[in-house]
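Next come the chains, spelled out residue by residue.
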Amino acid sequence: MTDDELDAIMRIMDAAFDPQWGEAWNRRQIASALTMSNTHATLMGASGTAPADPGESLGFAIVRAAPGEEEILLIAVMPQARRRGLGARLIATLADNARQRGATRIFLEMRENNPARTLYVAEGFMPIGRRKNYYSLRDGARMDAITFALDL
Ligand SMILES: CC(C)(COP(=O)(O)OP(=O)(O)OC[C@H]1O[C@@H](n2cnc3c(N)ncnc32)[C@H](O)[C@@H]1OP(=O)(O)O)[C@@H](O)C(=O)NCCC(=O)NCCS
């Protein structure tokens, strides 16, 4: 991961995640996660493919691979670039990459009131579980996470 790519991820992170939900990661967390050989970042530009220059990125995702399965740790698209299919395109790219690494399933956790649910269900994810009080919100409240799985 280059500094330019990390800058691009943090620019999208800061714009995409509403601080009230406490879902965003800071730069140190991202840099540290990406030092692990099983953790991968994908950047996406306006055309739905990797951008020529990381500064042109409109979306990103971070996944962690384990034998036979992968987990989407973060996925985000800039607010002004949403509802144009980039989120779906990111999921399709992650699924292709996961298949190539031999995975048969992808998981993710989502706070239970996230409208991204519509996207996940449309892309074939099924809700398979609930983790009570998984998220700590900015106001001190807790919120459950729904675990989704996609069979590849
Ligand atoms: C979730 C997210 C990545 C989706 O990105 P996107 O580029 O808008 O996704 P797409 O354009 O591919 O959406 C495809 C479909 O998903 C559904 N969808 C996506 N976002 C939606 C929203 N906020 N509300 C309702 N439906 C939504 C729609 O059905 C949409 O199709 P349509 O536009 O034809 O109606 C983006 O909203 C985001 O960055 N959210 C903030 C960060 C976040 O919560 N990440 C997920 C953490 S689990």
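Residues take numbers from 1 onward in each chain, read along the sequence in its written order. Note on the predicted model: pLDDT of at least 70 is required for a residue's local features to be given, and 80 or more for side-chain atom pairs to be given and counted; whole-chain, interface and lining totals, by contrast, use all residues. Side-chain figures throughout are based on the complete set of non-hydrogen atoms in the structure, without hydrogens or water.

Colleague: Outline the nonpolar core, supporting the account with residue identities and numerical values.
Modeller: Membership of the largest hydrophobic core comes to 39 residues, with the highest contact counts inside it found for Met13, Ile30, Phe60, Ile72 and Phe125. Among the elements that line this core, the one with the most residues is helix α1 (residues 3-16), at 7 residues. Beyond its immediate sequence surroundings of up to four residues, Ile30 is in contact with Leu6, Ile9, Met10, Met13, Trp25, Ile62 and Leu74. Here, nonpolar core means buried Ala, Val, Leu, Ile, Met, Phe, Trp, Tyr and Cys residues that are tied together by side-chain atoms lying within 4.5 Å of each other. Each residue gets one of three labels from its accessible area relative to the maximum for its type: buried under 20%, exposed over 50%, partly exposed in between, using a 1.4 Å probe on protein chains only. For the purposes of this entry, the term helix denotes a DSSP run of H or I that reaches at least four residues, the term strand denotes a run of E that reaches at least two, and both are numbered from the N terminus. Here a residue-residue contact requires only that any non-hydrogen atoms of the pair lie within 4.5 Å.

Colleague: Explain the packing of aromatic side chains residue by residue, including any values.
Modeller: In this scheme Phe, Tyr and Trp rings, the latter by its six-membered ring, pair at centre separations within 6.5 Å, and the angle between planes marks the pair as stacked below 30 degrees, edge-to-face above 60, and tilted otherwise. Applying the stated rule across the entire model yields 3 aromatic pairs. Taking the centre distance of 5.8 Å and the plane angle of 65 degrees together, the rings of Tyr120 and Phe125 count as edge-to-face. Here Phe125 falls in the buried class, since its relative accessible area comes to 1%. Residues Tyr134 and Tyr135 carry aromatic rings whose centres are separated by 5.0 Å and whose planes lie at 80 degrees to one another, so their mutual orientation is edge-to-face. Overall, the relative accessible area of 12% leaves Tyr135 in the buried class. Here the aromatic cluster, defined as three or more aromatic residues joined through ring pairs, consists of Tyr120, Phe125 and Phe148.

Colleague: If you had to explain the layout of surface pockets to someone new, which residues and values would you point to?
Modeller: Of the two site types, the cavity is a set of points on a 1 Å grid over the protein atoms alone where a 1.4 Å probe fits but cannot get out, and the pocket is an open set with protein on both sides within 12 Å along at least five of seven lines, each lined by residues with an atom within 4 Å of a point. Grid points are joined across faces, edges and corners, and a volume is the space filled by probe spheres set on the points. When its volume is computed, the largest pocket comes out at roughly 1100 Å³. Considering the residues around the largest pocket, the lining is formed by 36 residues, among which Phe17, Ile75, Asn114, Ala116 and Tyr120 are closest to the centre. When contributions to the lining of the largest pocket are tallied by element, the ones reaching two or more residues are β3 (69-77), α3 (86-100), β4 (105-111), α4 (117-122) and β5 (126-136). Gly counts as polar in this scheme, as do all residues outside two lists: the nonpolar Ala, Val, Leu, Ile, Met, Phe, Trp, Tyr, Cys and Pro, and the charged Asp, Glu, Lys and Arg. Its residues placed into classes, the lining of the largest pocket shows 21 nonpolar, 6 polar and 9 charged.

Colleague: Can you tell me about the site of the ligand, naming the residues and giving the values?
Modeller: Close contacts around the ligand come from 19 residues, with Ile75, Val77, Arg83, Gly85 and Ala88 the closest. Taking Ile75, its main chain carries an N or O atom lying 2.9 Å from a nitrogen atom of the ligand. In the analysis that follows, any N or O atom pair within 3.5 Å is treated as a polar contact, provided that within protein one partner can donate a hydrogen and the other can accept it, and provided that, for residues neighboring in sequence, both atoms belong to side chains. One of the backbone N or O atoms of Val77 is found 2.8 Å from an oxygen atom in the ligand. Computed by Shrake-Rupley with a 1.4 Å probe, the accessible areas treat only the displayed protein chains as cover when residues are assessed. The protein chains hide 76% of the 900 Å² of surface that the ligand would expose on its own. Judged by the fraction of its atoms near the pocket grid, the ligand is located in the largest pocket. Among the secondary structure elements, those contributing two or more residues to the shell around the ligand are β3, α3 and α4. Residues that form the shell around the ligand fall into these classes: 11 nonpolar, 4 polar and 4 charged. Definition of nearness: a residue and a molecule or strand are near each other if at least one heavy atom of the residue lies within 4 Å of the molecule or strand. Those molecules having more than half of their atoms within 2 Å of a cavity or pocket grid point set are described as sitting in that cavity or pocket.

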